[in-house]
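For reference, the chains in residue letters:
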Amino acid sequence: MINPIIYAECSVGFETIEEVEALFEHLGFALQSLPKEALFLAGKVFLQYKKNKGVKSNVLPDFLIGAHAAVSGYRLITRDKGRFSTYFRI
């Protein structure tokens, strides 16, 4: 399963939408919208990050991905386990 944010991030390496669609079909990934609960949680976690003196300005997409996994009970594949495990139980 991927969400629209992951789709957008992965698509930058391709020339056409057909190539992106073919990749995700080959991998067996389905596109799923972000639930409202994930959107709400991502906002709260982003606020917590800022209160903890977080300085990166591009973390909201990561928090949306992490919140989606957390509220849906999905396992998350990431290279940044530290940040995700700080804010989510995934």
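Bear in mind the structure is a predicted one, so any value in this text is a computation, not a measurement.

Engineer: Please clarify how the packing of helix H1 (residues 4-11) against helix H4 (residues 60-72) should be interpreted in this entry.
Structural biologist: The axes of two packed helices give the description: the angle between them and the distance between them. Remark: H1 packs on H4, axes separated minimally by 9 Å, with the N-to-C direction vectors making an angle of 130°. When the interaxial angle is binned, H1 and H4 end up oblique. Between H1, through Ile 5, Ile 6 and Glu 9, and H4, the contact on the second element is made entirely by Pro 61, Leu 64 and Ile 65.

Engineer: What is the right way to read the side chain of Asn 3 from this model?
Structural biologist: For Asn 3, the position within the fold is in the segment before H1. Under the relative-accessibility criterion, Asn 3 is labelled buried at 1%. Among the polar contacts made by the side chain of Asn 3, one reaches the side chain of His 68 at a distance of 3.1 Å.

Engineer: Please clarify how the nonpolar core should be interpreted in this entry.
Structural biologist: Proteins that are soluble and globular tend to have nonpolar side chains buried together. In this structure, Ala 42, Val 45, Tyr 49, Phe 63, Ala 67, Tyr 87 and Phe 88 are the most contacted members of the largest nonpolar core, which totals 13 residues. Counting only elements with at least two residues in this core, the list comes to helix H3 (36-51), H4 and helix H5 (81-87).

Engineer: Explain the side chain of His 68 here, please?
Structural biologist: By secondary structure assignment, the location of His 68 is in helix H4. What makes His 68 buried here is its relative accessible area of 1%. Non-local contacts of His 68, meaning those with residues more than four positions away in its chain, are made with Met 1, Asn 3, Gln 32, Ser 33, Leu 34, Pro 35, Ala 38 and Tyr 74.

Engineer: Whenever I open this one, the packing of aromatic side chains confuses me. Can you help?
Structural biologist: Each aromatic ring pair is described using two quantities: the centre-to-centre distance and the angle formed by the ring planes. One pass over the structure, following the stated rule, counts seven aromatic pairs. Ring geometry for Phe 24 against Phe 29: centres 6.3 Å apart, planes inclined by 50°, an arrangement best described as tilted. Each member of the aromatic cluster is reached from another via a ring pair, and the members are Phe 46, Tyr 49, Phe 63, Tyr 87 and Phe 88.

Engineer: Can you help me understand the environment of Ser 57 in this one?
Structural biologist: By secondary structure assignment, the location of Ser 57 is in the loop between H3 and H4. With a relative accessible area of 68%, Ser 57 lands in the exposed category. Placed 32 residues apart in sequence, Ser 57 and Arg 89 show a C-alpha to C-alpha distance of 23 Å.

Reading the values: the criteria
Residues numbered from 1 in each chain as written. Predicted model: local features only at pLDDT ≥ 70, side-chain atom pairs only at ≥ 80, totals over all residues. Heavy atoms only, no water. Axes fitted to C-alpha atoms, helices over the stretch in contact; angles between N-to-C directions. Helix = DSSP H or I, 4+ residues; strand = E, 2+ residues; numbered from the N terminus. Parallel < 35°, antiparallel > 145°, perpendicular 65-115°, else oblique. Contact = heavy atoms within 4.5 Å. Buried < 20%, exposed > 50% of the residue type's maximum accessible area, 1.4 Å probe, protein only. Polar contact = N/O pair within 3.5 Å; in protein donor to acceptor, adjacent residues only side chain to side chain. Core = buried A, V, L, I, M, F, W, Y, C linked by side-chain atoms within 4.5 Å. Phe/Tyr/Trp six-rings, centres within 6.5 Å; stacked < 30°, edge-to-face > 60°.

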